[in-house]
Structure formats: C-alpha cells, structure tokens
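Below, each chain spelled out in residue letters.
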Amino acid sequence: MYRRRTCTLSMRKLTSLVLVFLVMAAATAVPSAPLPRKSPEFAMNEPSGKQILLSSFKGKVVMIEFFFLRSQKCLNLTRTMNTLNAELGARGFQPIAVAFPAPQSDANGTLVGYLAESYKLNYPVGYTDKNSVDQNLNRGPREVLRIPQVIIIDRAGMIRAQSGGYDGNLKLEDEAYLRTLLNGLLKETVSAATKK
C-alpha cells in the first residue's frame, strides 16, 4: 500500500513538472511580428553624440544589427557587415550597427566609438537603450531576446527578414546567406519592393 502511494505521488510530481515546463515553453514561444511589415522610424546616437534617423537611408537596402558590446557572436557579425558593405555598398546596401546595454552593462558613446575604431568599421555604428530596440523589433514582453538581432529592410522601407524571437531567421548571421538575400533585394526597384 505504501509503495503504491509513493509511486502515485511520484507520477503526479513528474506530470506536474512536465506541465510546468510545457507552459513555460509555450510562453516564450511567441512568434515574431509578421513579415513583411513597414519599418518604424528609429534613431540611434553616434559616438559623437549626433543622432541618426533610419529614414535618412531611404531607398537603400538596410541591414541593422542590434548587438551587445561584449558578445563575440555580435562582434563577428559586425566584421561580416564590414565585408558586405565593401562589396555591396556602392549598389545601395547600408549596414548599421546599434549597441544596447546587456544586463549589468553599459552601451555608451565612448565604448561604441572605441569598438568602431578598433574593428575599423566602415559604416554607421551607434547606441540606444533597450526599450527603443524592443519597440523597433516589435518585441513582446515574453518573446525570447536573442542576440544579435538582425533586421533587413528593402528599398521601400519594408522589413523583409528578422532574426531573433521564436520563429526568427537565424540564417541572418551567415555571410553566404546574407550575400544571397541582399543581392536579391538590391536588384529590386522601389516599386517592385512595394508589391511584396
């Protein structure tokens, strides 16, 4: 009798744990905002203190990387963007890197300036706060925040690809995949991009 009761209690505990895990997994598995969608306006601060608006790159194919300064994965992507900018910049490609603070850290003009200089980045690099990043990504409070977060915007100002979140495109960190995607978008005219 005692053994049967112990077994029943163990099964209940196991079932409860499985249910708790499934509920937690479902809560973090919130899909990203639908694509394509109109890109919202966004402002980042350059190390000099000057503010740059996303709308100043209208008509270009824009790649934004939202990153943490101390993440090697993020820093590797900044180098990839440098390479892609050297290859595709003349055709209308515009990379932008925007640092934002990781938990218990900072993202300020001095640190961002030092990074841009030491990595010899040949495109705009700036910083902002986490709330601005969440708003631009259309990120819900329960959505997983993976870094780096990448957004690809076509010439018509539509977000065509986004990494992060539950169903985000993680291939946006791969140089070969990015090159193919960007080449395709660079071939589109503004009117063709609007029809997508």
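Just so it is clear, the structure is predicted and the values come from calculations on it, not from any experiment.

Caption draft 1: Broad picture of unusual backbone geometry. With omega at -5°, the peptide bond leading from Ile 147 into Pro 148 counts as cis. Even without a glycine there, the phi angle at Lys 120 is positive, about 50°. Position of Lys 120 relative to the elements: it lies in the loop between helix H3 (109-118) and strand E6 (125-127).

Caption draft 2: Summary view of the pattern of salt bridges. Enumeration over the complete set of coordinates arrives at six salt bridges. The closest approach of N and O atoms between Arg 160 and Asp 154, which form a salt bridge, is 2.7 Å. Judged by relative accessible area, Arg 160 falls into the partly exposed class, the value being 22%. Taking the relative accessible area as the measure of exposure, Asp 154 reaches 1% and is therefore buried. With its nearest N and O atoms 3.0 Å apart, the salt bridge here joins Glu 188 to Arg 160.

Caption draft 3: Highlighting the pairing of strand E8 (residues 158-162). The element E8 is largely enclosed, with a buried count of four among its five residues. Pairing of strand E1 (residues 37-38) with E8, which is carried by two bridges, proceeds in the antiparallel orientation. Looking at E8, one finds that Arg 37 is bridged to Ile 159. Two strands pair when backbone bridges link them, and strand E7 (residues 149-153) and E8 are joined in this way by three bridges, in the antiparallel orientation. Bridge assignment links Ile 152 to a residue of E8, and that residue is Ala 161. What sits between the antiparallel neighbours E7 and E8 is a turn of four residues, in which Gly 157 has the positive phi angle 85°.

Caption draft 4: Here's a closer look at H3. The complete set of buried residues in H3 reads Gly 109, Val 112, Gly 113, Leu 115 and Ala 116. With its buried residues spanning 160° around the axis, H3 presents them on a single face. Structural note: H3 exposes Thr 110, Tyr 114 and Glu 117 on the side pointing more than 90 degrees away from its buried face. The inward-facing, buried residues of H3 contact strand E4 (61-67), helix H2 (72-88), strand E5 (93-99) and E6.

Caption draft 5: Structural detail: the side chain of Asp 154. By secondary structure assignment, the location of Asp 154 is in the loop between E7 and E8. Among the polar contacts listed, one links the side chain of Asp 154 to the backbone nitrogen of Ala 156, at a separation of 2.9 Å. Here the side chain of Asp 154 touches Arg 160 through a polar contact of 2.7 Å, side chain to side chain.

Caption draft 6: Representation of helix H5 (residues 175-187). If you check H5, its first and last C-alpha atoms are 18 Å apart, about what 13 residues at 1.5 Å a residue would give, namely 18 Å. The complete set of buried residues in H5 reads Leu 178, Leu 182, Leu 185 and Leu 186. Buried residues of H5, viewed axially, fall in a sector of 100°; they line one side. Of the residues in H5, the exposed ones pointing more than 90 degrees away from the buried face are Thr 180 and Lys 187. Where H5 is buried, its residues contact E4, H2, E5, E7 and E8.

Basis of the calculations
Residues numbered from 1 in each chain as written. Predicted model: local features only at pLDDT ≥ 70, side-chain atom pairs only at ≥ 80, totals over all residues. Heavy atoms only, no water. Helix = DSSP H or I, 4+ residues; strand = E, 2+ residues; numbered from the N terminus. Salt bridge = Lys/Arg side-chain N within 4 Å of Asp/Glu carboxyl O. Buried < 20%, exposed > 50% of the residue type's maximum accessible area, 1.4 Å probe, protein only. Pairing = 2+ DSSP bridges. Arc of directions from axis to C-beta. Contact = heavy atoms within 4.5 Å. Polar contact = N/O pair within 3.5 Å; in protein donor to acceptor, adjacent residues only side chain to side chain. Expected span 1.5 Å × (residues − 1).

Geometry only, nothing functional implied.
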